[in-house]
Amino acid sequence: MMNIILFGPPGSGKGTQAVKIVEKYNLLHISTGDLFRYEMGNDTELGVLAKSYISKGELVPDDVTIGMLKNKVDANPDVKGYIFDGFPRNIYQSEALDRILEEKGHSVNALLQLDVDDEEIVKRILNRGKTSGRSDDNDESIIRNRISVYNDETAPVYNYYDKSGKSTRVNGIGSLEEIFDRLSQVIDASK
Ligand code: C5P
Ligand code: MG
């Protein structure tokens with residue numbers, strides 16, 4: 001199995017690149033943000049709860065997010081691997097992911113961090129907000145809060161996986177193809 005964490009700040013291109021990685025490497029894309037938005041779209045209990053955090057740019061409580069993620073992994077056992085997008089978002093979620101995979105005899109193979117600076121992120125997300133229909137993409141103060149949550153809680157996940165030599169930083173500025181080539185090189189080297 002090949003399990004990849006696609007990492008980086010909001011708006012760094014994780015979702016876009018995940019689609020291309022899935023095509024090339026035939027992995028299952030699990031985006032916790034997309035799972036939450038699906039639940040919100042259907043006004044489920046989980047969706048209503050998630051919305052109260054997402055609308056402020058805060059993290060949904062760990063037990064909720066981890067439970068949802070585990071369900072998705074458990075429901076799809078026969079895959080060549082997973083590409084995790086938007087998860088883990090803190091150290092606690094990283095430890096949970098390791099346990100979930102370990103129970104199945106698997107592990108995280110690589111964490112790829114897309115490096116994009118803050119001002120470029122704000123620009124990209126505001127631009128995405130014109131068409132994404134996401135309220136958290138349309139308000140600069142919410143976007144800045146998402147970035148600060150990323151810096152405080154999420155960024156340490158890089159070091160967590162770096163301790164076992166799994167983390168790599170990739171320049172997230174450039175054309176889609178250029179960035180994809182950079183990611184592919186790292187994935188091929190970690191196989
Ligand atoms: O990953 P994405 O940027 O699509 O996530 C959108 C929002 O969903 C985040 O800003 C956060 O509020 C919530 N989220 C979360 N925990 C995760 C993933 C997403 O709370 N692991
Ligand atoms: Mg995304």
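Reading guide: rules and limits
Residues numbered from 1 in each chain as written. Chains lettered and ligands numbered in written order. Predicted model: local features only at pLDDT ≥ 70, side-chain atom pairs only at ≥ 80, totals over all residues. Heavy atoms only, no water. Near = heavy atom within 4 Å. Polar contact = N/O pair within 3.5 Å; in protein donor to acceptor, adjacent residues only side chain to side chain. Areas by Shrake-Rupley, 256 points an atom, 1.4 Å probe, with all protein chains shown as cover. Helix = DSSP H or I, 4+ residues; strand = E, 2+ residues; numbered from the N terminus. Nonpolar A, V, L, I, M, F, W, Y, C, P; charged D, E, K, R; others polar. Expected span 1.5 Å × (residues − 1). Buried < 20%, exposed > 50% of the residue type's maximum accessible area, 1.4 Å probe, protein only. Arc of directions from axis to C-beta. Contact = heavy atoms within 4.5 Å. Axes fitted to C-alpha atoms, helices over the stretch in contact; angles between N-to-C directions. Parallel < 35°, antiparallel > 145°, perpendicular 65-115°, else oblique. Left-handed = near helix turned anticlockwise from the far one by under 90°.

Taken together, 15 residues are adjacent to ligand 1, and R37, E58, V60, G86 and R89 come closest. Between an oxygen atom of ligand 1 and a side-chain N or O atom of R37, the distance comes to 3.0 Å. In the model, a nitrogen atom of ligand 1 is placed 2.9 Å from a nitrogen or oxygen of the G86 main chain. Protein burial of ligand 1: of its 450 Å² of free accessible surface, 96% is covered by the chains. Considering every element that reaches the shell around ligand 1, the biggest residue donor is helix 2 (residues 32-41), with four residues. Its residues placed into classes, the shell around ligand 1 shows five nonpolar, five polar and five charged.

With that settled, the discussion passes to helix 5 (residues 91-103). Between the first and last C-alpha of helix 5 there are 19 Å, a value that for 13 residues agrees with the 18 Å anticipated at 1.5 Å per step. Inspection of helix 5 places Q93, S94, A96, L97, I100 and L101 among the buried residues, and these make up the whole buried set. Looking straight down helix 5, one finds its buried side chains confined to an arc of 165°; they lie on one side. Opposite the buried face of helix 5, by more than 90 degrees, sit the exposed residues E102 and E103. Packed against the buried residues of helix 5 are strand 1 (4-7), helix 4 (62-75), strand 3 (82-85) and helix 8 (156-162). Measuring from the backbone nitrogen of Y92 back to the side-chain oxygen at the start of helix 5 gives 3.2 Å, which picks out N90 as the cap. Backbone geometry just after helix 5 places G105 at a positive phi near 80°.

Think of two packed helices as two axes; the pair is described by the angle between the axes and how far apart they sit. Interhelical geometry of helix 1 (residues 14-25) versus helix 9 (residues 176-189) gives an angle of 55° and a closest axis separation of 10 Å. Here helix 1 is positioned oblique relative to helix 9, judged by the angle of their axes. Here helix 1 runs over helix 9; the crossing is right-handed. Contacts from T16, Q17, K20, I21, K24 and Y25 of helix 1 reach helix 9 at L176, E177, I179, F180, L183, S184, I187 and D188. Residues of the contact of helix 1 with helix 9, tallied by class, amount to seven nonpolar, three polar and four charged.

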